[in-house]
Amino acid sequence: DGLKGQASISRDNQTLVAADGGSLQAGDLLFTSAGASIELQLSRYGRLELGSGTQLMIEKLPFSSYASDRHTVVELRGGYLHLVWKHPGQVEDWLLQIDFGSERLSLNSGEFFFDRSAEGRKFCVASGSAVQTSSAVLEGPACYLIEESGAPRKVARSSADFIAMRDTRAVQMPAPKAPLK
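Below is a summary of the structure that appears in this document.

How each quantity is defined
Residues numbered from 1 in each chain as written. Predicted model: local features only at pLDDT ≥ 70, side-chain atom pairs only at ≥ 80, totals over all residues. Heavy atoms only, no water. Core = buried A, V, L, I, M, F, W, Y, C linked by side-chain atoms within 4.5 Å. Buried < 20%, exposed > 50% of the residue type's maximum accessible area, 1.4 Å probe, protein only. Helix = DSSP H or I, 4+ residues; strand = E, 2+ residues; numbered from the N terminus. Contact = heavy atoms within 4.5 Å. Phe/Tyr/Trp six-rings, centres within 6.5 Å; stacked < 30°, edge-to-face > 60°. Salt bridge = Lys/Arg side-chain N within 4 Å of Asp/Glu carboxyl O.

## Observations concerning the nonpolar core
Thinking step 1. Residues L56, L83, L107, F114 and F123 are the most contacted members of the largest nonpolar core, which totals 31 residues.
Thinking step 2. Counting residues per element, this core draws most heavily on strand β8 (residues 72-85), which supplies five residues.
Thinking step 3. With residues up to four places along the chain from it excluded, the contact list for L83 reads R47, L48, L96, I98, L107, G110, E111, F112 and F114.
Thinking step 4. Core analysis: the next-biggest nonpolar cluster, separate from the first, contains eight residues, F113, C124, C143 and M165 among them.

Shown next, in the form of structure tokens:
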């Protein structure tokens, strides 16, 4: 839903060209080429935007909103991801989890930004909150630098910062402060 440039899907050892209106399934690996972006709609509750040079693995995707297990799990292997998630009901009913290197983040309703590159793993919460694998609650408005130790370093952000991240499709983050305690 909203492809600019070129993107491809690796499925069952085949490479498919991504197209507007296409669908994804568990096991798909989505790639955006340099200068490309793509928007994905997850049911009616989530909207994802992938930036240039992004790799996103669809690990688990419910078949329908009537499925008994509606957990959704994706892995950001590299690049930029902007996500708006508004799940219905209780958190346990419709959980979205993002694998982000050695960490898994469980997201509540809100707006989130991810950036995984050679410079490190950056995660921002514009609104809402996320629970890290270590059970740390990450709340906004703030950005976090996720280090190999798993301890996030927090930097407070303003709404203008998040607008700039949407426009540039990159997480912009000043030098982090002390680790989150």
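## Here's the deal with the packing of aromatic side chains
Thinking step 1. Considering all chains together, one arrives at five aromatic pairs under this definition.
Thinking step 2. Here F100 and F114 contribute two aromatic rings whose centre-to-centre distance is 5.4 Å and whose plane-to-plane angle is 80°, an arrangement assigned as edge-to-face. Linking F100 in strand β9 (residues 96-100) with F114 in strand β11 (residues 110-117), this pair joins segments that are 14 residues apart in sequence. Across the pair, F114 and F100 agree in class, each one buried.
Thinking step 3. Each ring, one from F114 and one from F123, has its centre 4.8 Å from the other, and the planes form 40°; the classification is tilted.
Thinking step 4. Residue class for F114 comes out buried when judged on its relative accessible area of 0%.
Thinking step 5. A residue is classified by how much of its surface remains accessible, and F123, at 0% relative accessible area, is buried.
Thinking step 6. Put simply, the rings of F100, F112, F114, F123 and Y144 pair up and form one aromatic cluster.

## Some words on the pattern of salt bridges
Pairing is possible between side chains that carry opposite charge, provided their charged atoms lie close to one another.
Thinking step 1. Tallied over the full model, the rule gives eight salt bridges.
Thinking step 2. Between E39 and R47 there is a salt bridge; the shortest N-O distance is 2.5 Å.
Thinking step 3. Relative accessible area serves as the criterion here: at 24%, E39 is assigned to the partly exposed category.
Thinking step 4. Using a relative accessible area of 29% as the deciding quantity, one classes R47 as partly exposed.
Thinking step 5. A salt bridge links D99 to R104; the nearest nitrogen and oxygen atoms lie 2.5 Å apart.
Thinking step 6. With relative accessibility at 12%, the residue D99 sits in the buried group.

Remember that the coordinates give geometry; whether it matters functionally is a separate question.
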